[in-house]
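Coordinate inspection notes
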Amino acid sequence: MNIRDIDWNEVWKEQMRLYNEIDGSSEKVDIWGTKESARRYWEMSRNKGAARVEQTLKEIELTPDSRVLDIGAGPGALAIPISERVREVVAVEPSEGMFSVLEENIDSMNIDNIRCIHKGWEEIDLEEVGDDFDVVIASYSLSVPDIRQAFEKIQAVSSGHVYVYWFAGETSWDDQYSAIWPALHNQEYHSSPKCNIMYNVLYDMGIYPNMNVFPLERSMTFSSLEDAVKHYIPHYRAYTPEKLQILREYLETILPQNEDGSILHLGETTRVRMWWDNSKK
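A short tour of the structure in this document, coming up. Keep in mind that this is a model prediction, so the values were computed, not measured. Position labels on residues start from 1 in each chain and follow its written sequence. Under the rules for a predicted model, residues below a pLDDT of 70 receive no local features and side-chain atom pairs below 80 are neither given nor counted, while totals for whole chains, interfaces and linings still include all residues. Calculation of side-chain values draws on the structure's entire complement of heavy atoms; hydrogens and water are dropped beforehand.

**Description of the environment of Lys119**
- Residue position: Lys119 is located in the loop between strand E3 (114-117) and helix H6 (126-129).
- Each C-alpha atom of the pair Lys119 and Ser141 lies 12 Å from the other, and the pair is 22 residues apart in sequence.
- Contact between two residues is taken to exist if any of their heavy atoms lie within 4.5 Å; hydrogens are not considered. Beyond its immediate stretch of four places on either side in the chain, Lys119 contacts Val92, Glu93, Pro94, Ile124 and Glu128. Each helix is a run of H or I in the DSSP string that is no shorter than four residues. Each strand is a run of E no shorter than two, and both are numbered from the N terminus.

Okay, structure coming up:
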């Protein structure tokens, strides 16, 4: 087959279907559905992740008059510091836990220029979002069934810079899921589509993004092994007692405990930033 004949969006759809499918069901799992997990992510972004957040802010062109759309805003790791530098932020977030913590953070900090929408980007009605955004950010948040549709919606609302962050190559958690998936689910693990598919979809749309690749250490801190097990249940989809025991035994082998029983889970990943300018489209 000639590479020009490949429908890269169909490749994305199939890889995403395989990634989500367990026991014949491809329903997307909300891995950040609890407030506890969302707060852990928020604290991580303010502590060990603070340097990366600051670096991301330096990479984005912001002015006091900017209108910013943050797709998959999480608990506000980017939306909140961005709100201090711009006129308006619209934060779209589908996860129950993340959205709840985002609203709590906005209330506690008395922020009045962030508007929150509790939906996934694939579900969003563009009329409720608005348009003419000077900056659109999608930071590791485009885990959608149809990536071309997601980009088309971004293009429809953008009048300036678009910044998309995603994964380059297999991640540390892909390796860990691959090791235990057959025991948990009696099937092979399929990782999510990576930035090569994303780039080719953009290319087919006539969008030729700038790109840079960078390493990033991912870390999560847990008070105990049981705390880690509880956190990773939705990630590994270990919802039965039998699967829970398999997960517990596996995590015990890969997560070294400190003397006080706490755990620091580290993982190296390679990330990519893609960006383009729609101001002259």
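Still more to cover.
**A look at the pattern of salt bridges**
- By definition here, a salt bridge exists when the distance from a side-chain nitrogen of Lys or Arg to a carboxyl oxygen of Asp or Glu is within 4 Å. One pass over the full model with this rule turns up 18 salt bridges.
- Residue Arg273 is joined to Glu59 by a salt bridge in which the shortest nitrogen-to-oxygen separation is 3.5 Å. With Arg273 in strand E7 (residues 263-277) and Glu59 in helix H3 (residues 50-59), the pair connects residues that are 214 residues apart, well separated along the chain. There is no split in this pair, since Arg273 and Glu59 are both buried. To sort residues, take the accessible area from a 1.4 Å probe on protein chains only and compare it with the maximum for the residue type: under 20% means buried, over 50% means exposed, and anything in between is partly exposed.

**Description of the nonpolar core**
- For the purposes of this section, nonpolar cores are sets of buried Ala, Val, Leu, Ile, Met, Phe, Trp, Tyr and Cys residues that join through side-chain atoms within 4.5 Å. Core analysis: the biggest nonpolar cluster contains 60 residues, and Leu69, Trp121, Leu142, Phe151 and Tyr236 have the highest contact counts within it.
- What Leu69 contacts, discounting residues up to four positions off in sequence, is Val90, Val92, Trp121, Val129, Phe133, Val135, Val136, Ile137 and Val157.

**Focus: unusual backbone geometry**
- With a phi close to 55°, Asn110 is a non-glycine residue in the positive phi region.
- Even without being a glycine, Asp132 presents a positive backbone phi close to 60°.
- Following the sequence through the fold, Asp132 ends up in the loop between H6 and strand E4 (133-139).

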